[in-house]
Amino acid sequence: MAIKFELIHECKQTGARLGILHTPHGSIETPVFMPVGTKATVKTLENKEIEEVSDGLILGNTYHLWLEPGDEIVKNHGGIRGFMKWDYSLLTDSGGYQVFSLSKTRKITEEGVEFRHHKSGEKLFMSPEDSIRIQHNLGADIIMSFDECPPFNSTYEYMKQSVERTLRWALRGKKEHTNFTDQSLFGIVQGGPYKDLRISCAKALIEMDFPGYSIGGLSVGESKEEQYKVLDYLRDVMPKHKPRYLMGVGTPDDIIEGVIRGMDMFDCVNPTRLARHGSAMTSSGRITIKSKVFESDMTSLDIECDCKVCKTYSKSYLRHLFKANESLGPRLISYHNLYFLKNLTKNIRKAIQNDSLGDFKEEFFNKYYK
């Protein structure tokens, strides 16, 4: 079974989309935030907890699982799902983001990308076909085309060449994917800040007829205004009845602004990365739990949150865990931050259904970003 996207309602106030993404391993209401399970684990959490803080769709990283433990080992377990004992839906990226993040240790050619192992320095190579074959072994419901993610401020000339190469790679990956009907391959729209390149890339991918489309090359150092402008360019170009995935974006404001601009799916390492440094998302804004002001604070982390962390522990205790370097601290804040985003997207969906997402945005921003 391939995926199917069902468009349920469009908010009369903002045009935001409410939908259902049907996958071989579950149906997910959208907009949805996907916790990132880079190496077949959402950092510090066990599967039952991942179920509690997600809507049943998480993300794995092709590049990292290819290197460790190796995609063949994962395949022998029955893919990521069997490897980590996850019974729900999965998405994998293509490794293309590492073309950006490992820019000092890689060389791009028409055939693919030559990497240096980020730990050992060993020479590695990944082509569009390799990326698809690895993702077949990893066994996710939704997989990504191999692309280049250039720096946002690249020159127009370089970005144009990059987009053209990404389109050629998308076609090669699509051919490699022929006959794999239980996994759905998305195309990735690149083009940096350039309106004509973004639109031409999107239209070329739409011609290739992918079951869904991702927006790449954002949240890579550009301003919020630049990010939102790109989404504005693409909003009316993207097919209405196929899912739209904004890659690597997951702060509360970016999720809300992305939804208003027609996006359906989001992911980001931000909530767990923040948690490891003691930063918690709450209904009244982000707080740093390590701050001395919480040393004797007997109140819960967030009085408006019903997650098990907020119902059980005081800020004073959570601060103590971080000051004592106890691993339970980052674990509990990771759980809470992911639960917070799950609850945020749930409330966004309610607001879309009620045609009031604009009002919800104003109320949320007034509290969270006061």
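Everything below is about the structure printed above this text.
On a predicted model such as this, the values are computed, not experimentally measured, just so you know.

S.K.: So what about the environment of K240? Which residues, and what values?
M.R.: Note that K240 resides in the loop between α9 (224-235) and β13 (244-246). Distance from K240 to F5, taken between C-alpha atoms, is 9.8 Å for residues 235 residues apart in sequence. In contact with K240, not counting residues within four places along its chain, are F5, L7, E10 and R17. At 3.1 Å, the side chain of K240 forms a polar contact with the side chain of E10.

S.K.: Please give an account of unusual backbone geometry that cites residues and values.
M.R.: Note the cis peptide between T30 and P31, where omega equals 5 degrees. Relative to the elements of secondary structure, P31 occurs in the loop between β3 (26-30) and β4 (32-34). Following E68, the chain continues into P69 via a peptide bond in cis, with omega recorded as 10 degrees. The phi dihedral of D355 falls on the positive side, at around 60 degrees, and the residue is not glycine. Here D355 shows up in the loop between α14 (328-353) and α15 (357-368).

S.K.: Break down the nonpolar core for me, citing the residues and quoting the values.
M.R.: If you look at the biggest cluster of nonpolar residues, it comprises 92 residues, and the most contacted ones within it are L205, I215, I348 and L357. Take this core: its biggest share by element is 11 residues, from α14. Counting residues in each nonpolar core, the second largest holds 16 residues, with I3, L21, V36 and L57 among its members.

S.K.: Explain the packing of aromatic side chains residue by residue, including any values.
M.R.: Evaluation of the coordinates by the stated rule reveals 14 aromatic pairs. An aromatic cluster of three or more residues is present, and its members are F340, F360, F364, F365, Y368 and Y369. Here K174 stacks its cationic end above the ring of F210, 5.8 Å away from the centre of that ring. It is K361 that lies over the ring of F365; its NZ or CZ is 5.6 Å from the centre.

S.K.: How would you summarise the layout of surface pockets if you had to cite specific residues and measurements?
M.R.: Over the atoms, a rolled probe matching the size of one water molecule traces out where space is still vacant. Put simply, the largest pocket is a space of about 830 Å³. In terms of lining, the largest pocket is formed by 36 residues, of which the most central are Y97, Q98, G248, D267 and V269. For the lining of the largest pocket, the secondary-structure elements that each account for two or more residues are α2 (62-67), α5 (96-101) and α11 (270-276). Its residues assigned to classes, the lining of the largest pocket comprises 13 nonpolar, 16 polar and seven charged. As a volume, the second largest pocket reaches approximately 320 Å³. Considering the residues around the second largest pocket, the lining is formed by 14 residues, among which S283, E304, N343, N347 and F364 are closest to the centre. Elements with a minimum of two residues in the lining of the second largest pocket: α14 and α15. By residue number, the principal contributor to the lining of the second largest pocket is α14, which donates five residues.

S.K.: Tell me about a positive patch on the surface, and please be specific about residues and values.
M.R.: Among the surface-exposed residues, K39, K43, R273 and R276 lie close enough to one another that they form a single positively charged patch. Along the chain, R273 falls in helix α11.

S.K.: Any details on the sheet that holds β3? Residues and values, ideally.
M.R.: With antiparallel pairing, the three strands of this open sheet are ordered in space as β1-β2-β3. Edge positions in the sheet fall to β1 (4-10) and β3, since each has one partner strand and no second. This sheet shows a mean twist of 15 degrees between the axes of neighbouring strands, independent of strand direction. Pairing of strand β2 (residues 17-23) with β3 involves five bridges; the strand directions are antiparallel. Paired with L21 across the bridge in β3 is I28.

S.K.: Explain the side chain of S279 to me, using residue names and the numbers behind them.
M.R.: Position of S279 relative to the elements: it lies in strand β15 (residues 279-282). At a separation of 3.1 Å, a polar atom in the side chain of S279 contacts the side chain of R286. Setting aside residues no more than four positions away along its own chain, S279 makes contact with L274, R286, I287, T288, I333 and N337.

S.K.: Lay out the packing of helix α10 (residues 252-260) against α14 in plain terms, naming residues and giving numbers.
M.R.: Packing of α10 against α14 leaves a shortest axis separation of 11 Å and a crossing angle of 25 degrees. Considering their axes alone, α10 and α14 lie roughly parallel with respect to each other. The handedness of the crossing between α10 and α14 comes out as right-handed. For the pair formed by α10 and α14, the contact residues are P252, I255, I256 and V259 on the first element and F340, L341, L344, T345, I348 and I352 on the second. The class makeup of the residues in the contact of α10 with α14 is nine nonpolar, one polar and no charged.

S.K.: Requested: an account of the pattern of salt bridges, with residues and values cited.
M.R.: Within the structure shown, the criterion is met by 26 salt bridges. Ionic pairing is found between R168 and E110, a salt bridge with its closest N-O pair at 2.8 Å. With R168 in helix α7 (residues 156-176) and E110 in the loop between β7 (106-108) and β8 (113-116), this residue pair connects regions lying 58 residues apart in the sequence. For R168, a relative accessible area of 38% translates into the label partly exposed. Classification of E110 as partly exposed rests on a relative accessible area of 33%. One continuous salt-bridge network, built from bridges that share partners, spans E49, E52, K308 and R331.

Cut-offs applied
- Residues numbered from 1 in each chain as written.
- Predicted model: local features only at pLDDT ≥ 70, side-chain atom pairs only at ≥ 80, totals over all residues.
- Heavy atoms only, no water.
- Helix = DSSP H or I, 4+ residues; strand = E, 2+ residues; numbered from the N terminus.
- Contact = heavy atoms within 4.5 Å.
- Polar contact = N/O pair within 3.5 Å; in protein donor to acceptor, adjacent residues only side chain to side chain.
- Core = buried A, V, L, I, M, F, W, Y, C linked by side-chain atoms within 4.5 Å.
- Buried < 20%, exposed > 50% of the residue type's maximum accessible area, 1.4 Å probe, protein only.
- Phe/Tyr/Trp six-rings, centres within 6.5 Å; stacked < 30°, edge-to-face > 60°.
- Lys NZ or Arg CZ within 6 Å of the ring centre and 35° of its normal.
- 1 Å grid on protein atoms, 1.4 Å probe; cavity = no way out; pocket = protein on both sides within 12 Å on 5 of 7 lines; lining within 4 Å.
- Points joined across faces, edges and corners; volume = space filled by probe spheres on them.
- Nonpolar A, V, L, I, M, F, W, Y, C, P; charged D, E, K, R; others polar.
- Patch = residues over 30% accessible without salt bridge, like charges linked within 9 Å, V, L, I, M, F, W, Y side chains within 5 Å.
- Areas by Shrake-Rupley, 256 points an atom, 1.4 Å probe, with all protein chains shown as cover.
- Salt bridge = Lys/Arg side-chain N within 4 Å of Asp/Glu carboxyl O.
- Lys, Arg positive; Asp, Glu negative; His and termini not counted.
- Charge placed at Lys NZ, Arg CZ, Asp CG, Glu CD.
- Pairing = 2+ DSSP bridges.
- Axes fitted to C-alpha atoms, helices over the stretch in contact; angles between N-to-C directions.
- Parallel < 35°, antiparallel > 145°, perpendicular 65-115°, else oblique.
- Left-handed = near helix turned anticlockwise from the far one by under 90°.

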